[in-house]
Amino acid sequence: MPVEFLSDEQAEAYGTFAEEPTRPELERFFFLDDVDRDLIALRRTEHRRLGFALQMCTVRYVGLFLEDPLAVPWPVVEHLAVQLDIEDPSVVKRYTERRQTPYDHAWEIRDAYDYHPYEDGEWGRRLRTFLHGRAWTHT
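These lines cover the structure that appears in this document, whether it is placed above or below. Treat the numbers as computed from the prediction; the structure is a model and nothing was measured.

Parameters at a glance
Residues numbered from 1 in each chain as written. Predicted model: local features only at pLDDT ≥ 70, side-chain atom pairs only at ≥ 80, totals over all residues. Heavy atoms only, no water. Helix = DSSP H or I, 4+ residues; strand = E, 2+ residues; numbered from the N terminus. Polar contact = N/O pair within 3.5 Å; in protein donor to acceptor, adjacent residues only side chain to side chain. Contact = heavy atoms within 4.5 Å. Buried < 20%, exposed > 50% of the residue type's maximum accessible area, 1.4 Å probe, protein only. Salt bridge = Lys/Arg side-chain N within 4 Å of Asp/Glu carboxyl O. Patch = residues over 30% accessible without salt bridge, like charges linked within 9 Å, V, L, I, M, F, W, Y side chains within 5 Å. Areas by Shrake-Rupley, 256 points an atom, 1.4 Å probe, with all protein chains shown as cover. Axes fitted to C-alpha atoms, helices over the stretch in contact; angles between N-to-C directions. Parallel < 35°, antiparallel > 145°, perpendicular 65-115°, else oblique. Left-handed = near helix turned anticlockwise from the far one by under 90°. Nonpolar A, V, L, I, M, F, W, Y, C, P; charged D, E, K, R; others polar.

**Observations regarding the side chain of H79**
Item 1. Note that H79 resides in helix α5 (residues 74-83).
Item 2. Polar contacts involving the side chain of H79 include one to the main-chain carbonyl oxygen of L26, which spans 3.5 Å.
Item 3. In contact with H79, other than residues within four places in its own chain, are R23, L26, E27 and F30.

What follows is the structure, encoded as structure tokens:
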């Protein structure tokens, strides 16, 4: 992805949590609705439910899946654990014990929410068409 227009700090922070989300950001991007909860409920263990929720909400907030799905500010984990009635949020540390699990969950989240990578040519064309239309019809 071309990043010539970004400062060095912005380019380095891309795809990460540059800072802790604010309370309004937590409430917007890390809120679990009924559809989210139904998908999360398919996981049997607390650490998988919390890890799955963490990935689901991180991709909403950051825009992509993190290489290390646990590289998030702790208040994010705590916020999700409260919504899932998980008393000990530290169980999330077990989420990456099986290396394939985060990858499997990322694919499931992509499919469930119809997410597409930026490099996808067809969806990139659709996004450019949408943005072009918005630029001509909105200020």
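Once the structure has been displayed, the description carries forward.
**Quick notes on unusual backbone geometry**
Item 1. The phi angle at D85 is positive, at roughly 55°, despite the residue not being glycine.
Item 2. With respect to the helices and strands, the residue D85 is situated in the loop between α5 and α6 (100-113).
Item 3. The exposure class assigned to D85 is exposed, which follows from its relative accessible area of 66%.
Item 4. Its identity as a non-glycine residue notwithstanding, D114 has a phi of 60°, on the positive side.
Item 5. Relative to the helices and strands, D114 resides in the loop between α6 and α7 (121-137).

**A look at the pattern of salt bridges**
Item 1. Scanning the model with the defined rule gives 6 salt bridges in all.
Item 2. Close ionic contact of E108 with R43 constitutes a salt bridge, the shortest N to O distance being 2.9 Å. With E108 in helix α6 and R43 in the loop between α3 (34-40) and α4 (46-62), the pair connects residues that are 65 residues apart, well separated along the chain.
Item 3. Accessibility expressed as a relative area gives 26% for E108, which makes it partly exposed.
Item 4. Residue R94 is joined to E97 by a salt bridge in which the shortest nitrogen-to-oxygen separation is 3.4 Å.
Item 5. Judged by relative accessible area, which is 55%, E97 ranks as exposed.

**Side note on a nonpolar patch on the surface**
Item 1. A surface patch of nonpolar side chains, amounting to about 290 Å² of accessible area, comprises L127, F130 and L131.
Item 2. Topologically, L131 is positioned in helix α7.
Item 3. Take L131: its relative accessible area is 46%, and that puts it in the partly exposed class.

**Considering the packing of α4 against α6**
Item 1. Relative to each other, α4 and α6 sit at 55°, their axes nearing to 10 Å. By the angle between their axes, α4 is oblique relative to α6. Judged by the twist between their axes, the crossing of α4 over α6 is right-handed. Here R48, F52, Q55, M56, V59 and R60 of α4 lie close against α6, whose contacting residues are T101, P102, H105, A106, E108, I109 and Y113.
Item 2. Looking at side-chain class alone, the contact of α4 with α6 contains 7 nonpolar, 3 polar and 3 charged residues.

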